[in-house]
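Fold and geometry: a report
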Amino acid sequence: PVGQATAAPKYTYMTPFRLVFSCYENGALVVNELGLSNTEGMTDDLVRLQTAVINAIGHGANQHQLMAQSEFNWPLVVAPHTDHSPMAAQQALQYGLQKFISNRTVSFALLLGGSVMTLLMPIDEHQDHAGYLGNINVAGITVPALCSHSLHQLFSITGMKQNCWQHLQGLIVQLASYPHK
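Along each chain, numbering runs from 1 in the same order as the chain's sequence is written. The predicted nature of this model means local features are confined to residues of pLDDT at least 70 and side-chain atom pairs, given and counted, to a pLDDT of 80 or more, with totals for whole chains, interfaces and linings taken over all residues. Side-chain metrics in this entry use all non-hydrogen atoms of the structure; hydrogen atoms and water are not considered.

1. Observations concerning unusual backbone geometry
With an omega of 5 degrees, the peptide bond between W74 and P75 qualifies as cis. The phi dihedral of N103 is positive, around 65 degrees, even though this residue is not glycine. Summarising the element assignment, N103 is placed in the loop between α2 (86-101) and β4 (108-112). Secondary structure is summarised from DSSP: a helix means a run of H or I of at least four residues, a strand means a run of E of at least two, and numbering begins at the N terminus for each.

2. Re the packing of aromatic side chains
Each Phe, Tyr or Trp ring, with Trp reduced to its six-membered ring, pairs with another whose centre is within 6.5 Å; inter-plane angles below 30 degrees give stacked pairs, above 60 give edge-to-face pairs, and intermediate values give tilted ones. A full pass over the atoms with the stated rule returns four aromatic pairs. When the centroid spacing of 5.6 Å and the interplanar angle of 45 degrees are considered together, the rings of F21 and F100 count as tilted. A residue pair is termed long-range when its members are at least 10 positions apart, and F21 in strand β1 (residues 17-24) and F100 in helix α2 qualify at 79 residues. The buried label goes to any residue with under 20% of its type's maximum accessible area, the exposed label to any with over 50%, and the partly exposed label to all in between, with areas taken from a 1.4 Å probe on protein chains only. Given the relative accessible area of 2%, F21 is considered buried. Two limits define a charge over a ring: the Lys NZ or Arg CZ must be within 6 Å of the ring centre, and within 35 degrees of the ring normal. Over the ring of F100 we find R104, and its NZ or CZ is 4.7 Å from the ring centre. Between K161 and the ring centre of F155, over which it is positioned, the NZ or CZ distance is 5.4 Å.

3. Some details on the nonpolar core
Residue types Ala, Val, Leu, Ile, Met, Phe, Trp, Tyr and Cys, when buried and joined through side-chain atoms within 4.5 Å, form a set referred to as a nonpolar core. Counting 30 residues, the largest nonpolar core has L29, V31 and L111 as the members making the most contacts within it. Broken down by secondary-structure element, the contributors of at least two residues to this core are β1, β2 (28-33), β3 (66-74), α2, β4, α3 (114-120), β5 (133-138) and β6 (141-148). At seven residues, the largest contribution of residues to this core is made by α2. Contacts are residue-level and defined by heavy atoms, with any inter-residue pair within 4.5 Å sufficient. When sequence neighbours within four positions are dropped, the list of residues in contact with L29 reads S22, C23, L97, F100, I101, V106, F108, A109, L110 and V138. Grouped together as the second largest cluster of nonpolar side chains are 23 residues, V30, L46, L168 and L171 included.

4. Focus on α2
Expected span, for any helix, means 1.5 Å times one less than how many residues it has. Taking 1.5 Å of rise per residue, the 16 residues of α2 would be expected to cover 22 Å, and the 22 Å separating its terminal C-alpha atoms lies within 8% of that figure. Turning to α2, its buried residues are A88, A89, A92, L93, G96, L97, F100 and I101. Considering only its buried residues, α2 is in contact with β1, β2, β3, α3 and β5. One or two residues past the end of α2 sits N103, with phi positive at roughly 65 degrees.

5. Here's the deal with the confidence of the model for the protein chain
Each residue carries a pLDDT score, the predictor's own confidence in it, on a scale running from 0 to 100. Residues with a pLDDT of 70 or more make up 88% of the protein chain, whose mean pLDDT is 86. By mean pLDDT, the top-scoring element of the protein chain is β2 (96), and the lowest-scoring one is α3 (86).

6. Considerations on the pairing of β2
In terms of residue burial, β2 counts as a mostly covered element, since six of its six residues are buried. Taking every second residue as pointing to the same face, both faces of β2 are buried, with A28, V30 and N32 on one and L29, V31 and E33 on the other. Strand pairing is assigned whenever DSSP detects at least two bridges linking the two strands. Sheet topology note: the β1/β2 ladder contains five bridges and is antiparallel. Residue pairing in the sheet places F21 in a bridge with V31 of β2. The hairpin turn running from β1 into β2, its antiparallel successor, is three residues long, and G27 in that turn takes a positive phi close to 95 degrees. Two strands pair when backbone bridges link them, and β2 and β4 are joined in this way by five bridges, in the parallel orientation. Bridging across to β4, L29 finds its partner in A109.

7. A closer look at the sheet that holds β1
Spatial ordering of the open sheet is given by β3-β1-β2-β4-β6-β5, a layout of six strands whose pairing is mixed. The strands lining the two open edges of the sheet, one partner per strand, are β3 and β5. Going across the sheet, the axis of each strand differs from the next one's by a mean of 25 degrees, ignoring polarity. With four bridges joining them, β4 and β6 adopt parallel strand pairing. Directly across from L112, in β6, lies its bridge partner S148. Axis geometry follows a simple rule: fit a line to the C-alpha atoms, using only the stretch in contact for helices, then measure angles between N-to-C directions, giving values from 0 to 180 degrees. Helix-sheet contacts for helix α5 (residues 160-176) involve β4, β5 and β6, and the interaxial angle to β6 is about 160 degrees.

Spelled out as structure tokens, the structure:
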């Protein structure tokens, strides 16, 4: 009706998060959750650990080179009338990821951290994401994807590296049947 104010739309709020996208020359895509308290970003130690994980997977050559890296922050815009819903976060993340991987080949993906797993790997909400091996669509191509703990968790929580190594086994077996770059 004319003259009545309409209420601002109510959105479900998606908790803020920070991610880093990384691509390796063997086609590995890593999406790692940094955590909001991490003010340093991807430190040299985190990059070395990430590269060690990619090398341990062994898809292609023994040593792999980091080709590109980019940070993604959510929310994109902090404003009271901006959609901060999980769906908006997922759409923004998909778009950011698509831009990042344009003109790059992706053979497989590692999704590291809770926000990454929840937004990029659609599985039953009652299933544990960590260790889940499935597929994701990356710029129109379906690739194997493994969910595991963030690099920061691997560094700071005892036993997480061993847990991650167990998660990697299924992906290693699956990639062994694929042709190498």
